[in-house]
Amino acid sequence: MGSHALMSGHSKWASIKHKKGAADKKRGVLFSKLSRAIIVAARDGGPDPSANLALANAIEKAKSYSMPKDNIDRAIARGSGADADAAAYETVIYEGYGPEGVAVLVEALTDNRNRTAAEVRSAFAKNDGNLGSTGAVAWLFERRGRVLVPAEGTDEDELTLAAAEGGAEDVSRDGDVYEVIAEPEALVSVREAVEAAGFSVEDADVTMIPKTTVAIDDESSAKKLVRLIESLEENDDVQDVYANFDIPERVLEAAAS
């Protein structure tokens, strides 16, 4: 198993986001986004998660945010039934740059491309960023399954062993969590193996991991970048925002508070 020390701050950012989402007045918005991903996955690949990887991974993510099973089942039913809304959603990827030349990749599920494009462009413009053309930054990222396990009280060797049994490629420490990386196809089996070994899972999702990163050490640049990411994430149509920053944990915590 290799290790990529490149990833400073990414797990921390996922943890911050997760805590905000879990304790959030925006919980309704979060659940509707998670539902939308499940609806589209079920529409495109059928209602059985064991035969539909995108659906299995969308359900994993919803579970990691404690979305009730009823909501999950309803979303699957909507996607696999004759729901007119479900038919309208399409995936759109936006690529651009944030402050300090950080590459930003935005994944949206929208029923109105023009509206979403205008809102995404505006979010970039207002936060020292700019929207690029298709292909501008996507090549800087690779899609991976990621499971986060709190580091406190966790034995790295035992975790690595359990994760490897589930099919993980890599386990590395990032601040106060361990980041377990796998092929997207192995996300469910890795999470199950890690939980079966008695570890608690803070987050499990398919993410885009940057191949190279841009170091940001000062708080004001980090704040600008966090503002850009958060304003993109606040858009109802935006599912995920990925960026190739490398921000020390204390700077990121200060910037995100």
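Summary of the structure given here. From a predicted model like this one, the values you see are computed outputs, not experimental measurements.

## Brief notes about the environment of E142
Within the secondary structure layout, E142 lies in strand β4 (residues 141–150). Separated by 65 residues in the primary sequence, E142 and T207 place their C-alpha atoms 8.2 Å from one another. Those residues within four positions of E142 in sequence are excluded, and the remaining contacts are T207, M208, I209 and K211.

## Remarks on unusual backbone geometry
The phi torsion at E100 lies on the positive side, around 65°, for a residue other than glycine. For E100, the location among the structural elements is in the loop between β1 (90–97) and β2 (103–110). For D128, which is not a glycine, the phi torsion comes out positive at approximately 60°. Here D128 shows up in the loop between α6 (113–126) and β3 (130–131). Taking the relative accessible area as the measure of exposure, D128 reaches 46% and is therefore partly exposed.

## Some remarks on the pattern of salt bridges
Taken as a whole, this structure holds 16 salt bridges when the rule is applied. Between R43 and D44 there is a salt bridge, and its shortest N-O distance comes to 2.8 Å. The exposed category is assigned to D44, whose relative accessible area is 57%. Through salt bridges with shared partners, a single network forms among R36, D111, R115 and D237.

## Regarding the pairing of β1
Where β1 and β2 come together, eight bridges link them in antiparallel fashion. The residue bridging T91 from the neighbouring strand is L109, located in β2. Here β1 folds back onto β2, and the loop between the two strands holds five residues, one of which, E100, carries a positive phi near 65°. Across two bridges, β1 lies against β3 in antiparallel orientation. Residue pairing for β3: G96 is matched across the bridge by L131.

## Some remarks on helix α8 (residues 187–196)
Listing the buried residues of α8 in full gives L187, V190, R191, A193 and V194. Buried residues of α8, seen end-on, are gathered within an arc of 165° and therefore sit on one face of the element. The secondary structure elements touched by the buried residues of α8 are α3 (53–64), β4, α7 (156–166), β6 (177–182) and β7 (203–210).

About the criteria used
- Residues numbered from 1 in each chain as written.
- Predicted model: local features only at pLDDT ≥ 70, side-chain atom pairs only at ≥ 80, totals over all residues.
- Heavy atoms only, no water.
- Helix = DSSP H or I, 4+ residues; strand = E, 2+ residues; numbered from the N terminus.
- Contact = heavy atoms within 4.5 Å.
- Buried < 20%, exposed > 50% of the residue type's maximum accessible area, 1.4 Å probe, protein only.
- Salt bridge = Lys/Arg side-chain N within 4 Å of Asp/Glu carboxyl O.
- Pairing = 2+ DSSP bridges.
- Arc of directions from axis to C-beta.

Geometric descriptors of this kind do not, in isolation, establish any biological role.
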